[in-house]
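Listed here are the chains, written in short residue letters.
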Amino acid sequence: MCGIIGYIGNRQATPILIGGLRKLEYRGYDSAGVSVIDPSSGAGSRVVRCRGKLSGLEQKLVAEPAVGTVGIGHTRWATHGRPSDENSHPHKVGAISVIHNGIIENHLTLRQELASAGAKFSSETDTEIFAHLVDHALTAGAPDLVTAVRRSLQKVRGSYAFVVMSDKEPGTLVAAKNSSPLVVGLGDGENYVASDVTAILSETRKVIFIEEGEMVVVTRDAVTITDFDGNVHKREPKIITWSALQAEKGGFKHYMLKEIHEQPRAVADTLVGRVDLENDDVLLDGIELDVKSIKRIIFIACGTSFHASLVGEFLIEALARIPVEVDVASEFRYRDPIIGKGDLVVAVSQSGETLDTMEAIREAKKKGAKVLAISNVLEASIPRLADYAFYTHAGPEIGVASTKAFTTQLVGMALLAIYLGRRTGTLKPEKARELLAELVALPQKLRDVVESGAQIQAIARRYGNATGFLFLGRGAQYPIALEGALKLKEISYIHAEGYPAGEMKHGPIALIDEHLPVVVLAPRGPSYEKTVSNLAEVRARQGKVIAIASRGDNEIGSHSDDVIVVPDVALELQPIVTVLPLQMLSYYVADFKGTDIDQPRNLAKSVTVE
Ligand code: M6R
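Residues numbered from 1 in each chain as written. Predicted model: local features only at pLDDT ≥ 70, side-chain atom pairs only at ≥ 80, totals over all residues. Heavy atoms only, no water.

Surrounding the ligand, one finds 15 residues, the nearest of these being Ser305, Ser349, Ser351, Thr354 and Glu490. Between an oxygen atom of the ligand and a side-chain N or O atom of Ser349, the distance comes to 2.6 Å. One nitrogen or oxygen atom from the main chain of Ser402 is found 2.8 Å from an oxygen atom belonging to the ligand. Computed on the free molecule, the ligand has an accessible area of 410 Å², of which 91% lies beneath the protein chains in the complex. Taken together, the elements giving at least two residues each to the shell around the ligand come down to α9 (303-320) and α16 (477-492). Tallied by class, residues from the shell around the ligand come to five nonpolar, eight polar and two charged. (Near = heavy atom within 4 Å. Polar contact = N/O pair within 3.5 Å; in protein donor to acceptor, adjacent residues only side chain to side chain. Areas by Shrake-Rupley, 256 points an atom, 1.4 Å probe, with all protein chains shown as cover. Helix = DSSP H or I, 4+ residues; strand = E, 2+ residues; numbered from the N terminus. Nonpolar A, V, L, I, M, F, W, Y, C, P; charged D, E, K, R; others polar.)

Set out below in structure tokens:
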């Protein structure tokens with residue numbers, strides 16, 4: 001996820017900007033840059049940017065010093081446009097420098113409009129568009145920077161935190177927020193703006209958090225918050241008591257917990273620019289698949305991404321009626337798979353670097369298949385190797401156990417299935433519309449689930465000493481049972497198995513006694529009654545049942561020891577809501593046991609060996 005810092009005061013800005021960006025390095029980035037003005041010189045800002053690490057930027061700054069007491073700095077994690085010097089922020093157009101976190105949803109339309117009005121672009125990013133908009137607003141008569149930013153904000157849709165600076169008004173930074181975090185730090189004769197308190201904590205602990213739909217004008221001596229119409233919002237500053245490490249984790253105890261809580265925002269970012277409600281369709285970032293020629297889809301993936309692929313199988317077969325197979329990448333590459341033209345291989349990888357998946361892609365391409373990659377990391381090896389790439393935009397995931405990368409993969413599966421179904425003709429516009437509307441409503445529903453932490457923590461404490469867990473689910477809940485078991489194993493080191501609920505009687509039922517917690521995924525749906533029967537079978541053998549059920553289900557409580565309720569959503573999207581309580585259960589069990597949650601033993605975030 002990108003990082004933002006801005007400074008306005010009497011000290012040299014560059015060391016403060018670089019120091020702030022260093023504090024944000026842990027979030028992951030691929031390029032960095034600063035734009036700094038010396039208000040006393042009358043000269044414009046100097047922009048220095050470079051692909052790669054901050055040390056590279058620092059070296060560049062030795063050769064091209066950026067001197068001045070006002071500046072903005074940014075670490076970029078590429079979403080639109082590959083990592084390169086030109087695509088790094090700040091973007092400068094005329095007198096305007098801009099840094100941006102988030103995604104401008106309507107950037108393609110705006111780019112065309114601006115190009116027809118004569119704008120020349122020097123990057124592939126969505127961000128540069130905003131610099132052009134502000135510059136254009138000023139040329140068109142906006143009296144000052146604040147008005148120009150306000151007018152430009154009317155034109156953009158999407159998620160953003162922007163900070164804008166003008167060579168012509170060097171005493172002012174203007175920032176705006178919609179869905180991406182933004183905080184102002186208060187000093188004495190100096191002020192700061194940042195995406196996270198971490199960036200400014202060594203300078204000040206007195207901060208104001210900017211809220212949705214707010215703009216903030218920051219000078220050396222004043223901070224004025226308004227809405228986008230200019231109405232002033234008064235807010236008292238807060239004093240931050242977090243340590244630097246706590247601040248990195250957004251006040252959460254672990255990155256994993258922070259990332260669990262980021263899921264509503266991450267899902268919203270996956271949807272940005274892809275939901276076409278006017279045509280009941282999905283836009284796949286310009287990917288044009290020849291759907292009629294696809295005879296079969298084969299998913300290849302590992303670990304959690306394999307589980308997301310199993311949900312993909314369910315969704316694509318249901319909505320697009322194309323036959324789907326799912327293979328573990330390390331098996332696929334060695335079994336001489338029968339594959340060729342007419343097969344679309346979908347390679348799913350959060351990191352985009354998993355060696356097994358990469359080699360499986362090579363095997364598929366050798367045999368003539370087209371490959372679509374679903375990855376969270378722009379320009380990673382897997383999307384580069386594939387013919388097409390779909391990015392999940394979850395932001396960097398630091399906890400080794402995947403959470404937000406998984407849920408956004410599931411959203412990607414739903415989008416892909418709708419896209420395919422609309423083109424095979426098996427998905428009617430009405431059903432597509434219903435699913436798309438439900439996808440758009442998902443972030444709020446996920447917020448409801450992550451807020452049920454206290455109940456899940458209490459359950460985790462009760463079962464935290466168990467030596468094994470069983471996870472059961474049917475249909476698209478079966479992969480979620482597998483994922484729940486994997487998550488628990490990874491971070492708590494408790495043995496756990498995921499099973500299709502109907503398979504329990506064929507073996508695992510022998511394990512059930514009063515010591516075995518059984519987590520049963522039982523949201524409303526066609527297999528609800530059968531799942532409830534399985535749950536009763538567990539209860540009859542003194543097993544402890546933790547049910548994940550739909551809100552308003554008054555029956556399930558009589559068959560379960562604990563019920564965790566999730567909001568009602570369309571059957572096809574249920575896995576996206578039911579997995580959250582399982583991630584939280586694993587997290588709280590592991591926390592109860594005191595394991596190293598963010599870096600569990602023997603595991604790596606990206607597995608680049610066989
Ligand atoms: O980066 P990838 O999605 O290709 O990684 C695949 C697995 O290594 C990964 O999902 C692993 O299972 C995670 N630790 C799951 O939490």
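As enumerated under the stated definition, the model contains three cavities of 30 Å³ or more in all. Taken as a whole, the second largest cavity encloses approximately 80 Å³ of empty space. Forming the walls of the second largest cavity are 13 residues, and the residues nearest its centre are Cys2, Thr79, His89, Gly102 and Asp126. A total of three residues in the lining of the second largest cavity trace back to one element, the largest contributor, which is strand β6 (residues 96-104). Partitioned by chemical class, the residues of the lining of the second largest cavity number three nonpolar, eight polar and two charged. (1 Å grid on protein atoms, 1.4 Å probe; cavity = no way out; pocket = protein on both sides within 12 Å on 5 of 7 lines; lining within 4 Å. Points joined across faces, edges and corners; volume = space filled by probe spheres on them.)

Moving on, we get to the pairing of strand β9 (residues 183-186). The two faces of a sheet get side chains in turn, since along a regular strand they alternate between them. Both faces of β9 are covered, namely the face carrying Val183 and Gly185 and the face carrying Val184 and Leu186. Sheet topology places β9 next to strand β10 (residues 191-194); four bridges connect them, and they run antiparallel. The residue bridging Val184 from the neighbouring strand is Val193, located in β10. Between β9 and β10, which pair antiparallel one after the other, the connecting turn spans four residues, and Gly189 there sits at a positive phi close to 70 degrees. When β9 meets strand β11 (residues 206-209), the two strands line up antiparallel, connected through three bridges. Along β11, the bridge assignment pairs Val183 with Phe209. (Buried < 20%, exposed > 50% of the residue type's maximum accessible area, 1.4 Å probe, protein only. Pairing = 2+ DSSP bridges.)

In this section: the pattern of salt bridges. Counted under the stated rule, the structure contains 33 salt bridges. Residue Glu262 is joined to Lys404 by a salt bridge in which the shortest nitrogen-to-oxygen separation is 2.8 Å. Pair noted here: Glu262 is in the loop between α7 (255-261) and α8 (263-271) and Lys404 is in helix α13 (residues 404-424), with a separation of 142 residues, a long-range link. Judged by relative accessible area, which is 17%, Glu262 ranks as buried. Assessed through its relative accessible area of 2%, Lys404 is described here as buried. (Salt bridge = Lys/Arg side-chain N within 4 Å of Asp/Glu carboxyl O.)

So, about the nonpolar core. In terms of nonpolar packing, the biggest core is built from 89 residues, with Ile297, Ile316, Leu420, Leu439 and Phe469 touching the most fellow members. Apart from the residues within four sequence positions on either side, Leu420 is in contact with Leu289, Val291, Ile294, Ile297, Ile316, Ala320 and Ile322. (Core = buried A, V, L, I, M, F, W, Y, C linked by side-chain atoms within 4.5 Å. Contact = heavy atoms within 4.5 Å.)

The next thing to look at is the state of the cysteines. One pass over the full model with this rule turns up zero disulfides. In this structure Cys2 is a free cysteine whose sulfur lies 15 Å from that of Cys50, the closest cysteine sulfur available. Residue classification places Cys2 among the buried positions, given a relative accessible area of 9%. (Disulfide = S-S within 2.5 Å.)

Attention now goes to the domain arrangement of the chain. By the assigned domains, the chain splits into domain 1 (3-246), domain 2 (250-449) and domain 3 (452-597). Here domain 1 and domain 2 have C-alpha centroids that lie 32 Å from each other. The interface of domain 1 with domain 2 comprises 16 residues on the first partner and 16 residues on the second. Summing both sides of the interface, domain 1 and domain 2 together bury roughly 1400 Å²; the carbon and sulfur share of this comes to 66%. Where domain 1 touches domain 2, the interface holds zero salt bridges. (Domains from an automatic or database assignment. Buried area = accessible area lost by both parts, 1.4 Å probe.)

Now for unusual backbone geometry. Cis peptide bonds are those with omega within 30 degrees of zero, and the linkage from His89 to Pro90 qualifies with 0 degrees. Residue Asp280 is not a glycine yet carries a positive backbone phi of 50 degrees. Along the chain, Asp280 falls in the loop between β15 (275-276) and β16 (281-282). The backbone of Asn602 sits at a positive phi, close to 70 degrees, despite the residue not being glycine. Checked against the element boundaries, Asn602 lands in the segment after α18 (574-593). Overall, the relative accessible area of 78% leaves Asn602 in the exposed class.

Moving on to the sheet that holds strand β22 (residues 468-473). Sheet architecture is open: five strands sit in the order β23-β22-β24-β25-β26, paired in parallel fashion. The open sheet terminates on both sides in strands that have one partner only, identified here as β23 (495-500) and β26 (562-566). Taking each pair of neighbouring strands and ignoring which way they run, the sheet shows an average axis angle of 20 degrees. Bridge analysis of β22 against strand β24 (residues 517-522) gives three bridges, and the strand direction is parallel. (Axes fitted to C-alpha atoms, helices over the stretch in contact; angles between N-to-C directions.)

The next subject is the packing of aromatic side chains. Under the criterion given, the structure shown has five aromatic pairs. Measuring from ring centre to ring centre gives 3.7 Å for Phe130 and Phe162, while their planes differ by 10 degrees; the resulting arrangement is stacked. Placement of the pair is Phe130 in helix α4 (residues 127-139) and Phe162 in strand β7 (residues 158-166), with a sequence separation of 32 residues. A relative accessible area of 0% places Phe130 in the buried class. A relative accessible area of 0% means that Phe162 is categorised as buried. Among the aromatic residues, ring-to-ring pairing joins Phe130, Tyr160 and Phe162 into one connected group. Positioned over the ring face of Phe121 is Arg111, at 4.4 Å from the centre of the ring. In this structure, Arg274 is placed above the aromatic ring of Phe390, and the distance from its NZ or CZ to the ring centre is 3.9 Å. (Phe/Tyr/Trp six-rings, centres within 6.5 Å; stacked < 30°, edge-to-face > 60°. Lys NZ or Arg CZ within 6 Å of the ring centre and 35° of its normal.)

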